[in-house]
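Observations on chain architecture
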Amino acid sequence: MTNWKEINHQAKSWIREAGERIRGSFTTSLSIQTKSNPNDLVTNMDKETEQFFISKIKETYPDHRILGEEGYGHEIEDSKGIIWIIDPIDGTMNFVHQQRNFAISIGIYEEGTGMIGLIYDVVHDELYHAFKGEGAYMDDTPLPKLEIRKVKEAIIGLNATWVTENRRIDPSVLAPLVRNARGTRSYGSAALEFAYVVSGRLDCYITMRLAPWDFAGGLVLLEEVGGIATTVSGEPINIIERNSIFASRPGLHEEVLNGYLKKA
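Given the structure is predicted, the values throughout are model-derived calculations rather than measurements.

1. Concerning the pattern of salt bridges
Two side chains bearing opposite charge may form a pair once their charged atoms approach each other closely. The tally for this structure, following the rule as stated, stands at 8 salt bridges. Between Asp 139 and Arg 16 there is a salt bridge; the shortest N-O distance is 3.2 Å. Linking Asp 139 in the loop between β8 (136-138) and β9 (141-142) with Arg 16 in helix α1 (residues 4-24), this pair joins segments that are 123 residues apart in sequence. Here Asp 203 and Arg 249 are joined by a salt bridge, their closest N and O atoms 2.5 Å apart.

2. Thoughts on the nonpolar core
Core analysis: the largest hydrophobic core is formed by 39 residues, its most contacted members being Ile 85, Ile 119, Tyr 128 and Phe 194. Going through the elements one at a time, β4 (82-90), β5 (103-110), β7 (126-131), β8, α5 (190-199), β12 (204-210), α6 (212-224) and β14 (243-248) are the ones with two or more residues in this core. Broken down by element, the residue count for this core peaks at 8 residues, all from α5. Sequence-distant contacts of Phe 194, that is, excluding residues within four places in its chain, are made with Ile 119, Tyr 205, Leu 210, Asp 214, Phe 215, Gly 218, Leu 219, Leu 222, Ile 245 and Ala 247. Counting residues in hydrophobic clusters, the runner-up holds 30 residues, among them Ala 11, Met 45, Phe 52 and Tyr 120.

Conventions we followed
- Residues numbered from 1 in each chain as written.
- Predicted model: local features only at pLDDT ≥ 70, side-chain atom pairs only at ≥ 80, totals over all residues.
- Heavy atoms only, no water.
- Salt bridge = Lys/Arg side-chain N within 4 Å of Asp/Glu carboxyl O.
- Helix = DSSP H or I, 4+ residues; strand = E, 2+ residues; numbered from the N terminus.
- Core = buried A, V, L, I, M, F, W, Y, C linked by side-chain atoms within 4.5 Å.
- Buried < 20%, exposed > 50% of the residue type's maximum accessible area, 1.4 Å probe, protein only.
- Contact = heavy atoms within 4.5 Å.

Just distances and angles here, no functional claims.
Written out as structure tokens, the structure is:
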């Protein structure tokens, strides 16, 4: 029998310990490399943090599988069993340039169902956490269920990339939404933008391509406050593949999906 309370306790302890290690790196020199392009950065702290989690998980739960951004975990081709989906530093460019606006994200899934979601804003020492069926919290503060909101009252998380020329969506699709919304914001960390939707700091978040480690923790949190997450075409999200993501309050999700995304 899986002891989920123990797993939840361990994951929270490890994520805070990892955050302390990252804060301790601020006064040291970083080793910075690029991955797919010059803007896709990875540092020694990304790698060391992922390896920290992997060593803890393998030692404590050797039958669990791990999907991590930096590739030190397992090759995951299905959602069977228990899978930890980890982004050691989500928002590496912010980490390098600003030393803020980044987070550690962990989603723990069983047979494809999200059981535990953790997003840790390292600099602000804010831990957003959720255990399936028990609500979502920011540290010890319960987060209320999300209320319905209209586009004209909404703050939308959206990178300017998607309203300029790009390879994934016609910019004219989202331009009317930008015009009609109360405002837009972009923080450079998908995990934080999920956390901000969950806590009501944003009303929805739209992006054209995220990897599982970017959204796995956020999906669990969002479900616990009554939010909705689909692809931008309204399809279910595959937790082990890259997806477009539309995460939102209820009501607003339907209005944006039917009035803007599907219409276009």
